[in-house]
Amino acid sequence: MPLHDLQHYAYRGARAMVILHDQELRKCLVTWRAAKAAGIPLPKTDDPDYQSKEHLLHHILRAARGYLSWMCEMLGLPDPGLPTAPEPAVVEREAEAYLEQLLTAWREPLAGVAEPRFDETYKSRWGVDYCIDAMLEHAVMHPLRHRFQLEELLES
């Protein structure tokens, strides 16, 4: 189902975030591929997600899966049943296929959820309180932030 066909959402704000998430993850992968091809180094840090560009991509895909599974769990919806993100050793080769599976899974679970449920607050897996609406915004911003960082590294 193309994204523009997602007209059946009970809450249009969720529909917008799902579409924006799709767009940002796709842009992020394109930018990641450009950074990989350019051979740019990542910033030096103790963060294990920055051990390599492959670790970073694994992190981005793993997070997108985690946001959806967390929202489904908190809302009492069925688990979307997504496999785990490809490990760093294979993520470059498997990223596009996994991304399509991931983004397809994102399209439906929240469609029937009424708007008031998006304001309910839950403890995130990293210990911060989030309402579902804020987690959707976080899910959109996560790949956008990594894309921004990679674009800055490409420009320098």
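Summary of the structure given here. None of these values were measured; they are calculated from a predicted model. Every residue gets a number counted from 1 within its own chain, in the order that chain's sequence is written. Local features in a predicted model are, by the rule used here, given only for residues with pLDDT of at least 70; side-chain atom pairs are given and counted only at 80 or more, and totals for whole chains, interfaces and linings are based on all residues. Note that the side-chain values use all heavy atoms of the structure and ignore hydrogens as well as water.

## Quick word on the overall build of the protein
Part 1 of the reasoning: When helices and strands are tallied, the protein shows four helices and two strands.
Part 2 of the reasoning: Only C-alpha atoms enter the radius of gyration, while the globule expectation follows 2.2 Å times N to the 0.38, with N the number of residues. In terms of C-alpha radius of gyration, the protein reaches 16 Å, essentially the compact-globule figure of 15 Å for 156 residues.
Part 3 of the reasoning: Taken along its principal axes, the extent of the C-alpha atoms in the protein is 45 × 35 × 30 Å.
Part 4 of the reasoning: The buried share of the protein, taken over its 156 residues, is 47%.
Part 5 of the reasoning: Any two residues whose heavy atoms approach within 4.5 Å are treated as being in contact. Counting contacts in the protein only where the partners sit at least 6 residues apart, residues at least 24 apart contribute 68% of the total.
Part 6 of the reasoning: Here, Shrake-Rupley sampling with a 1.4 Å probe gives the accessible areas, and only protein chains in the shown set may cover a residue. In the form shown here, the protein has an accessible surface area of approximately 8,000 Å², with 54% of it arising from carbon and sulfur atoms.
Part 7 of the reasoning: Averaging the coordinates of the 17 positive side-chain charges in the protein and doing the same for the 24 negative ones gives two points 3 Å apart. Only DSSP runs of H or I with at least four residues qualify as helices, and only runs of E with at least two residues qualify as strands; both kinds are numbered from the N terminus onward. Using a 1.4 Å probe on the protein chains alone, a residue whose accessible area is under 20% of its type maximum counts as buried, one over 50% counts as exposed, and one in between counts as partly exposed. Under the convention used here, Asp and Glu are negative, Lys and Arg are positive, and both His and the chain ends fall outside the count. By convention, the charge on Lys lies at NZ, on Arg at CZ, on Asp at CG and on Glu at CD.

## Comments concerning helix 2 (residues 53–75)
Part 1 of the reasoning: Here the expected span of a helix is defined as 1.5 Å times the quantity of residues minus one. The end-to-end C-alpha separation of helix 2 is 33 Å, in line with the 33 Å expected for 23 residues at 1.5 Å each.
Part 2 of the reasoning: Summarising burial for helix 2: 18 of the 23 residues are buried, a large majority.
Part 3 of the reasoning: Of the residues one or two after helix 2, Gly76 is the one with positive phi, at around 70°.

## So, the packing of aromatic side chains
Part 1 of the reasoning: Under the pairing criterion, centres of Phe, Tyr and Trp rings, with the six-membered ring standing for Trp, must be within 6.5 Å; the plane angle then separates stacked pairs below 30 degrees from edge-to-face pairs above 60, leaving the rest tilted. In the structure shown here, the tally under the stated rule is four aromatic pairs.
Part 2 of the reasoning: Centroid distance Trp70 to Tyr122: 6.1 Å. Interplanar angle 85°. Geometry classified as edge-to-face. Placement of the pair is Trp70 in helix 2 and Tyr122 in strand 1 (residues 121–123), with a sequence separation of 52 residues. Tyr122 carries the same exposure label as Trp70, and that label is buried.
Part 3 of the reasoning: Between the aromatic rings of Trp126 and Tyr130, the centroid separation amounts to 5.5 Å while the plane-to-plane angle is 75°, which identifies the pairing as edge-to-face.
Part 4 of the reasoning: Among the aromatic side chains, those forming a connected cluster through ring pairs are Tyr67, Trp126 and Tyr130.

## Notes on the environment of Asp119
Part 1 of the reasoning: When you line up the elements, Asp119 lands in the loop between helix 3 (91–106) and strand 1.
Part 2 of the reasoning: Among the residues examined, Asp119 registers a relative accessible area of 54% and is labelled exposed.

## Thoughts on the pattern of salt bridges
Part 1 of the reasoning: Should a side-chain nitrogen of Lys or Arg be within 4 Å of a carboxyl oxygen of Asp or Glu, the pair is scored as a salt bridge. Summed over the entire model, instances satisfying the criterion amount to 13 salt bridges.
Part 2 of the reasoning: For Glu100, the salt bridge identified is with Arg26, shortest N-O distance 2.6 Å. Taken together, the residues span a long stretch of sequence, with Glu100 in helix 3 and Arg26 in helix 1 (residues 12–38) at a distance of 74 residues.
Part 3 of the reasoning: Accessibility expressed as a relative area gives 37% for Glu100, which makes it partly exposed.
Part 4 of the reasoning: The salt bridge involving Glu54 is made with Lys36; its shortest N-O contact spans 2.3 Å. Of this pair, Glu54 sits in helix 2 while Lys36 sits in helix 1, placing them 18 residues apart in sequence.

## Re the nonpolar core
Part 1 of the reasoning: Counting 49 residues, the largest nonpolar core has Leu61, Met71, Leu102, Trp106, Phe118 and Leu136 as its most contacted members.
Part 2 of the reasoning: Mapped by element, the contributors of at least two residues to this core are helix 1, helix 2, helix 3 and helix 4 (132–155).
Part 3 of the reasoning: Setting aside anything within four residues of it in sequence, one finds Trp106 in contact with Tyr9, Val18, His21, Ala64, Tyr67, Leu68, Met71, Leu136 and Ala139. Nonpolar core, defined: a set of buried Ala, Val, Leu, Ile, Met, Phe, Trp, Tyr and Cys residues in which side-chain atoms within 4.5 Å join the residues together.

## What to know about the side chain of Arg147
Part 1 of the reasoning: By the element assignment, Arg147 lies in helix 4.
Part 2 of the reasoning: Those residues in contact with Arg147 that lie beyond four places of it in its chain are Glu24, Lys27, Cys28 and Thr31.

## Some words on helix 4
Part 1 of the reasoning: With 24 residues, helix 4 should cover 34 Å at 1.5 Å per step; its first-to-last C-alpha distance of 35 Å lies within 8% of that length.
Part 2 of the reasoning: Of the positions making up helix 4, those classed as buried are Ile132, Asp133, Met135, Leu136, Ala139, Val140, His142, Pro143, His146, Arg147 and Leu150.

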